[in-house]
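The primary structure of each chain is shown beneath.
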Amino acid sequence: MANFFKFYNKNIAYKILTLIIAILLLTFFFPKKEIFKYKFSEGKIWSYGDLFSPFNFLVLKTNQDTDLEIKKLKENQGIFCIRNEKIVRNIKKKLKKISLIRKNKHDYKIVYKIINTIYKYGYIKDYNNLTKLNNTNIIFFKKDKKWIPILHNKIFTHDQVTNIIDKSFRIKSRRVKILKRILRKIILPNFFYSQYYTDFFLKKKIQSIEKIKYSFTKGDNIIRKNEIVNKNKLKILFYFKKEYENKVWNKQKYYCLITGYLLIITIIFTLFILYIFYFENKIFQNNREVNFLIINILLISLITITILKYHSKILYIIPFCILPISVRSFFNFHLSIFIHLITILLLSFITPNSFEFIFIQITAGFFVMLTKKNIYKMANLFIAAAKITITYIITFSLLTLIREGSLEKISLHTFSLFFFSGFLTLFVHPLIFLFEKLLNLTSDISLLELSDSNTPVLRLLSQKAPGTLQHVLTVANIAEEAAVAIGANSLLVKIGAIYHDIGKIENSTFFTENQHNIIDPHEKLSPKESAKIILEHVSTGVELARKYHLPDSVTDFIRTHHGNSIVYYFYEKQKKKYPNLKVDKKQFQYSGPKPFSKETAIVMIADSVEAASKSIKNPSTKDLENLVENIIEKQKTESQFSNADITLKEIEKVKKVLKKKLRNIYHTRIEYPSP
């Protein structure tokens, strides 16, 4: 049980639980259907190789296809008529009774020729319906319970009957006129248009329209390599994609996919936790910072999953580069790039054209990280957004050139997505602010706000300890230059240096820099009491930092700027005062901790050097150089840098900067003659 609590106290259990929740969340939200790996659009070349169907599938007609077919049926519909067989027989009987025709054999032949010609196919009554017909329309008439088809242009109309009667008789006489009149009166239509049957059979044809447009069996070729995706092929590919994602799927594959997702996500998060454990151990020890990184990965992943689910064509509108920028605002370059890399690798398993996605996003991420770290400046943020947009456009164009062989088919719509993604990157500041408030983290933006000398705690410092204020500003100036020289976080160093001595607000007169024209109050106290007041400025500073809600990263400078060193002046004074007594070092020693980063180590060095330089009257260049060397060597001897990740080479660079800055501060001035 004791081992369990020891395990939990190290925060390992919390981290494992957080990782398990993140892994399960992503596994749950990742798409469960097999992703169709081909990308296609109308008018573009199919560059993936011949595609064969692994199963049988059908391509159904759309409503538009069906409507077009119905329209064609209506245009070419058959006309259904009733044919009266008795009419012809009755006409022939009447003709036989007419003496005018019966007595003249020539006229008799002409009349019967007219009758046979007209009624060979028939004579229709309704003329208006025929004017709308074209050459493909067919007229049907019922005979022996069967519908017999006839081309509509073979059926005579009223005008055609009149015309054939007129042309059949070449001689113009009174007798012929009477004969024509008789024929016009006797010859009657034997075809009668049926609206009922016409509508009935049209409806039947519409109902029998085939719903299947194309049918593919297993092994059929769907599209060949380098074939242009036309309108029909586009439709076929859409149906194939849909069927592919539905048919190539079963419970066994579902569970295999879930297992695959779970293992892949676990591997990526394991890489993440191992990286911060081995290379960013300070972050590993801080649960809030680990949570921040995991939340960032989850946030960008869930946004991507949502876009892919509902509108995958606008994938590139997502500002993926906002991830490394937000991480960079709190941490270093290497961590921000690593987080960006593992997130893009993670998402590449669910995005179409994964190579294109990985190449574009990683390239853009690297380029944006080359922007100056002080991204809190709007000018630099706009530069970063411009870099992202330009990188997207160039890399996408080059990939299209390789894939298509030309840039003609690049869509302006895609470019608009890149521009919008660059624009969305500008919203990183509100996102950073949100993370600061939710997780109590400190970004460069917040640090910049703390540099304002009108903050309540600095106003109080200027009123109660003006000498200390000048001291911390000088230390901040020196330390910032040293941080730049070794590539440390110069802004954090500057702010940490400004606030490191706020504990001197209380009992300010007990510190040398604030003792102007007053009697030293330490003269009335014992060395032990004096040391206690001096030592307490660290704990007082930490309390003031909490009161004024200073970030933990700034409070760290207050805790560590003296490490666990000893207040030697009063320690030696105590030894001289009581030579026969053993002096307890702990009563004159700061409680620490020692500096645990490059930044806190720099402030410790700069603070000690600047304070010691004030004790030398008219220092020469040699004096200042020796002072820097002696103080840093003393701190090395005391192992004050044992917990910090600063190297000896970096300490040497810090030395050079300090010597140069001190020479500038204490440079020899020209003596002007007195007036």
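Before any of the text, the structure's been laid out above.
It should be emphasised that the depicted structure is a prediction, and the values quoted were computed from it without experimental measurement.

Parameters at a glance
- Residues numbered from 1 in each chain as written.
- Predicted model: local features only at pLDDT ≥ 70, side-chain atom pairs only at ≥ 80, totals over all residues.
- Heavy atoms only, no water.
- Helix = DSSP H or I, 4+ residues; strand = E, 2+ residues; numbered from the N terminus.
- Rg over C-alpha atoms; globule rule 2.2 N^0.38 Å.
- Buried < 20%, exposed > 50% of the residue type's maximum accessible area, 1.4 Å probe, protein only.
- Contact = heavy atoms within 4.5 Å.
- Areas by Shrake-Rupley, 256 points an atom, 1.4 Å probe, with all protein chains shown as cover.
- Lys, Arg positive; Asp, Glu negative; His and termini not counted.
- Charge placed at Lys NZ, Arg CZ, Asp CG, Glu CD.
- Expected span 1.5 Å × (residues − 1).
- Arc of directions from axis to C-beta.
- Patch = residues over 30% accessible without salt bridge, like charges linked within 9 Å, V, L, I, M, F, W, Y side chains within 5 Å.
- Salt bridge = Lys/Arg side-chain N within 4 Å of Asp/Glu carboxyl O.
- Core = buried A, V, L, I, M, F, W, Y, C linked by side-chain atoms within 4.5 Å.
- Phe/Tyr/Trp six-rings, centres within 6.5 Å; stacked < 30°, edge-to-face > 60°.
- Lys NZ or Arg CZ within 6 Å of the ring centre and 35° of its normal.

(A) Here's a closer look at the overall build of the chain. Summing up its helical and strand segments, the chain has 29 helices and 8 strands in all. Taken against the 2.2 N^0.38 rule, which gives 26 Å for 675 residues, the C-alpha radius of gyration of the chain at 48 Å runs more than 25% over that of a compact globule. Overall, the chain is about 175 × 75 × 45 Å in size when its C-alpha atoms are taken along their principal axes. Classification of the 675 residues of the chain by burial places 46% in the buried group. Considering only contacts in the chain between residues 6 or more positions apart, those separated by 24 or more positions represent 76%. Element-wise, carbon and sulfur atoms account for 58% of the exposed surface of the chain, whose accessible area totals about 38,200 Å². For the chain, the distance from the average site of its 104 positive side-chain charges to the average site of its 54 negative ones is 23 Å.

(B) Geometry of helix α18 (residues 412-425). Taking 1.5 Å as the rise per residue, α18 with 14 residues should run 20 Å; its terminal C-alpha atoms sit 20 Å apart, in good agreement. The set of residues buried in α18 consists of T414, F415, L417, F418, S421, G422 and T425. In a view along the axis of α18, the buried residues occupy a sector of 155°, so they form one face of it. Residues L412 and F419 are exposed on α18 and point more than 90 degrees away from its buried face. Buried positions along α18 lie against α14 (322-330), α17 (378-404) and α19 (428-439).

(C) Fine view of the environment of L58. Relative to the helices and strands, L58 resides in strand β2 (residues 57-60). Between the C-alpha atoms of L58 and T306, which are 248 residues apart in sequence, the distance is 29 Å.

(D) Local environment of a positive patch on the surface. A grouping of K86, R89, K93, K94, K96, K97 and K185 is seen on the molecular surface, where their side chains present a positively charged patch. The element contributing the most residues to the positive patch is helix α4 (residues 86-97), with 6 residues. Here K97 is to be found in helix α4. Looking at K97, the relative accessible area reads 69%, which means it is exposed.

(E) A look at the pattern of salt bridges. For the structure on display, the rule yields 19 salt bridges. Put simply, K504 and D501 hold a salt bridge, and the shortest N to O gap is 3.1 Å. On the basis of relative accessible area, D501 is assigned to the buried category, the value being 1%. The closest approach of N and O atoms between E572 and K575, which form a salt bridge, is 3.9 Å. Here E572 pairs with K575, and both are found in helix α26 (residues 568-577), just 3 residues apart, close to one helical turn. You can call E572 partly exposed: its relative accessible area is 33%. Taking relative accessible area as the criterion, K575 reaches 35% and is therefore assigned partly exposed. Here the salt bridges do not stand alone but share partners, grouping E629, E633, K636, E652, K655 and K659 into one network.

(F) Looking closely at the nonpolar core. By size, the foremost hydrophobic cluster in this structure holds 71 residues, and its most contacted members are F269, F272, L293 and I339. Among the elements that make up this core, the one with the highest residue count is helix α13 (residues 287-311) (10 residues). Setting aside residues up to four positions removed in sequence, F269 forms contacts with L19, A22, I23, L26, I294 and I297. Formed by 53 residues, the second largest nonpolar core is a distinct cluster that contains V472, I486, I505 and V609.

(G) Molecular detail of the packing of aromatic side chains. Counted under the stated rule, the structure contains 36 aromatic pairs. Taken together, the aromatic side chains of F80, W147, Y196, Y197, F200 and F201 make up a single cluster linked through ring pairs. Over the face of the ring belonging to F284 we find K15, whose NZ or CZ atom lies 4.9 Å from the ring centre.

Without other data, these values stay purely geometric and don't point to any function.
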